[in-house]
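Structural features, examined
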Amino acid sequence: MSGPVTIAIDGPAGSGKSTLSRALAARLGVGRLDTGAMYRSVAWAVLQRGIDTAELDAVAEVARTLDLEVGDRVTADGTDITEAIRGPEVSAAVSPVAANPAVRAVMVARQRAWVAEHGGGVVEGRDIGSVVLPDADLKLYLTASPEVRAARRSEEGAEAVARRDRLDSTRALSPLEVPDGARVIDTGALGVDEIVEEVVAWL
Ligand code: CDP
């Protein structure tokens with residue numbers, strides 16, 4: 001395949017999306033967008049402002065007005081929050097924030113704009129193949145056993161990871177699901193280099 005390529009990667013917490021998307025983007029020489037970091041950043045700003053995640057309009061206003069830069073580092077309104085958004089407080093607040101339809105509308109629009117600006121790339125999240133980029137060149141859905149995934153998120157804890165997965169999979173709008181036409185990969189069974197070569201061969 002030649003020309004710009006668009007790859008959608010979805011999967012539950014700790015399924016290996018970030019590791020694979022980084023490796024694939026480097027292998028293909030294209031950009032990578034971590035959409036989970038975008039929702040985490042909104043959750044961080046909501047907590048920072050003392051807003052309850054149930055206050056839908058106030059949370060949506062944060063999403064609309066936050067000046068976000070998501071790359072190797074993540075900054076919100078000029079503050080570097082790369083490490084802060086991985087903490088347990090943000091992990092506990094992010095699913096309710098991401099279930100807010102107005103927040104999703106803002107984020108999906110920004111994600112599509114990123115792809116248009118970059119002429120494609122590797123985009124990872126929960127609804128990329130199903131909603132954000134249904135026409136992606138390749139859709140991947142990553143899995144791994146609950147034990148493997150909890151071990152990868154040991155700071156967060158197995159129970160918190162299971163709760164987040166449950167919320168993400170059962171919300172009304174854009175729940176986590178295997179997108180139509182996605183290839184399912186068990187990342188507990190294969191090394192990242194092997195997966196990258198397999199995926200490149202599918203393009
Ligand atoms: O790295 P991990 O898989 O643990 O999570 P993440 O990709 O950083 O995503 C954090 C949270 O953001 C998820 O639990 C979802 O609630 C939300 N999210 C979403 O709703 N839609 C996306 N496209 C990406 C993330």
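Above: the structure in question.
Scope of this entry: the structure provided in the associated data block. (Residues numbered from 1 in each chain as written. Predicted model: local features only at pLDDT ≥ 70, side-chain atom pairs only at ≥ 80, totals over all residues. Heavy atoms only, no water.)

Description of the environment of Val-199
Looking at the element boundaries, Val-199 is found in helix H9 (residues 192–202). For Val-199, the residues in contact, after removing those within four places along its chain, are Leu-24, Leu-138, Leu-140 and Ile-185. (Helix = DSSP H or I, 4+ residues; strand = E, 2+ residues; numbered from the N terminus. Contact = heavy atoms within 4.5 Å.)

Points about the environment of Val-122
Looking at the secondary structure, you find Val-122 in strand S6 (residues 121–125). We classify Val-122 as buried; its relative accessible area is 0%. For the pair Val-122 and Ala-150, spaced 28 residues apart in sequence, the C-alpha separation works out to 24 Å. (Buried < 20%, exposed > 50% of the residue type's maximum accessible area, 1.4 Å probe, protein only.)

A short note on helix H5 (residues 101–118)
Two residues of an α-helix separated by three or four positions point the same way, owing to the 3.6 residues in each turn. Taking 1.5 Å of rise per residue, 18 residues should cover 26 Å, and H5 covers 26 Å from first to last C-alpha, within 8% of that figure. Taken residue by residue, H5 has Val-103, Arg-104, Val-106, Met-107, Val-108, Gln-111, Trp-114 and Val-115 as its buried positions. The backbone nitrogen of Ala-102 lies 3.0 Å from a side-chain oxygen of the residue at the head of H5, namely Asn-100. With its phi angle positive at about 65°, Gly-119 sits one or two positions after the end of H5. (Expected span 1.5 Å × (residues − 1). Polar contact = N/O pair within 3.5 Å; in protein donor to acceptor, adjacent residues only side chain to side chain.)

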